[in-house]
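One-letter residues, chain by chain:
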Amino acid sequence: MSASQTSASQTSEAPTLLVKIFGKDQPGITAGLFDTLAAYLVDVVDIEQVVTRGRLVLCVLVTQPPAGLEGDLRATVHSWAESMKMQAEIISGHGDNRPRGLGRSLVTVLGHPLTAESTAAIAARIAKAGGNIDRIFRLAKYPVTAVEFAVSGVETGPLRTALASDAAALGVDIAVVSAGLHRRAQRLVVMDVDSTLIQDEVIELFAAHAGCEDQVAEVTAAAMRGELDFEQSLHARVALLKGLDASVVEKVREQVRLTPGARTLIRTLKRLGYQVGVVSGGFTQVTDDLKERLGLDFAQANTLEIVDGKLTGRVVGEVVDRAGKARLLRRFAAEAGVPLSQTVAIGDGANDLDMLNAAGLGVAFNAKPVVREAAHTAVNFPFLDTVLYLLGITREEVEAADTHDEG
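Cut-off values and rules
- Residues numbered from 1 in each chain as written.
- Predicted model: local features only at pLDDT ≥ 70, side-chain atom pairs only at ≥ 80, totals over all residues.
- Heavy atoms only, no water.
- Helix = DSSP H or I, 4+ residues; strand = E, 2+ residues; numbered from the N terminus.
- Patch = residues over 30% accessible without salt bridge, like charges linked within 9 Å, V, L, I, M, F, W, Y side chains within 5 Å.
- Areas by Shrake-Rupley, 256 points an atom, 1.4 Å probe, with all protein chains shown as cover.
- Salt bridge = Lys/Arg side-chain N within 4 Å of Asp/Glu carboxyl O.
- Lys, Arg positive; Asp, Glu negative; His and termini not counted.
- Charge placed at Lys NZ, Arg CZ, Asp CG, Glu CD.
- Axes fitted to C-alpha atoms, helices over the stretch in contact; angles between N-to-C directions.
- Parallel < 35°, antiparallel > 145°, perpendicular 65-115°, else oblique.
- Left-handed = near helix turned anticlockwise from the far one by under 90°.
- Contact = heavy atoms within 4.5 Å.
- Nonpolar A, V, L, I, M, F, W, Y, C, P; charged D, E, K, R; others polar.

**Re unusual backbone geometry**
Point 1. Look at the link from histidine 112 to proline 113: it is a cis peptide, with omega at 5°.
Point 2. Note that proline 113 resides in the loop between strand E5 (104–111) and helix H4 (116–128).
Point 3. A cis amide bond, omega 0°, links tyrosine 142 with the succeeding residue proline 143.
Point 4. Considering the arrangement of structural elements, one finds proline 143 in the loop between strand E6 (132–140) and strand E7 (145–152).
Point 5. Its identity as a non-glycine residue notwithstanding, aspartate 308 has a phi of 55°, on the positive side.
Point 6. With respect to the helices, strands and loops of the structure, aspartate 308 is situated in the loop between strand E11 (298–307) and strand E12 (310–316).

**Looking at a negative patch on the surface**
Point 1. Taken together, Glu204, Glu213, Asp214 and Glu218 make up a surface patch of like negative charges.
Point 2. Examining the composition of the negative patch, we find that three residues originate from one element, helix H7 (residues 213–224), more than from any other.
Point 3. Tracing the backbone shows aspartate 214 in helix H7.

**Examining the packing of H4 against helix H5 (residues 156–170)**
Point 1. At a minimum axis distance of 10 Å, the contact between H4 and H5 shows a crossing angle of 160°. Classified by the angle their axes make, H4 and H5 are roughly antiparallel. Here H4 and H5 pass one another in a crossing that is right-handed. In this structure, H4 uses Ser118, Ala121, Ile122, Arg125 and Ile126 to contact H5, whose residues at the interface are Leu159, Ala162, Leu163, Asp166 and Leu170.
Point 2. Classifying every residue of the contact of H4 with H5 gives seven nonpolar, one polar and two charged.

Here it is, written out as structure tokens:
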């Protein structure tokens, strides 16, 4: 047995004291408590501190003091707490916390609002699945309330399955990911463009300039009914743009509207060292511009053929379809040096499903029910930056990234 294992074994059997301090938060509480304890030659076994609405709860687990000093320690701690207008509670026991069960997951819940009823249902479902909630931490209070549960005792896959069915009924979004060091390792985030990164469908913007919106809408509807696959519908719609002047490209770029929170999402990810890319069934004439404007690392889409200043009604090169998006995710990951398990894919349509399922975390963003049900998790709020909370990034970190850039 190693020295560390011996020490841990001894601690698990040794008498310990749990010192709990609670009351109005103020500077110097933590330092003052440990100054008080230092006089009794105790060792620190564990510490937890939380502040909620200005009220502090500080719990310290320490070894039992030398013989004859425990009574004096208790009296001194209570006296110090009273002098700070705090309350103290000291509980005798043995050892440390019980070992956490196998299987570690992080459950992120987004609510607007997050009700007591939904929180109770989530906690009950975790318990029913065999999990134990070890810690709860608020990631954000706006534009949504985001809370993270650290859960042990149940594997991530079964826990995700158990919670997925409850999310829609409870009016919340729930993401379940495996806990571990990879949570904050370098990662790659790849997004769809139309109706995800941007609010528009680019083909419809081009169609408006060509005066063929109705015809394009008819082809799109046929594809949604399953009468055409994506590649067939793409060629049929692009054919309607034949003869359009290439100057329209710049006009369409100017019309593109970013989804609320898109800039914040990308800025924060880049500031934290993530790589970010887009894949689109739309057109490079728009995605290349977005890549430059937003500082993206990767971008791939279909390319409209332009000859003699006119759109020919054809696309050139390999078509980016449902399977193509998944291939591009894998290619981007290889180029970025990021394992596929550490990739995040975000999309809204059925043609994003292969990509969402191939990624370590697939996020359906304001998607249709069939996509929400097939993805790892869903976000049903109109702000793209809420995806940050699913990655364990707090609102404070988002604001810090903004402040850094402004500076």
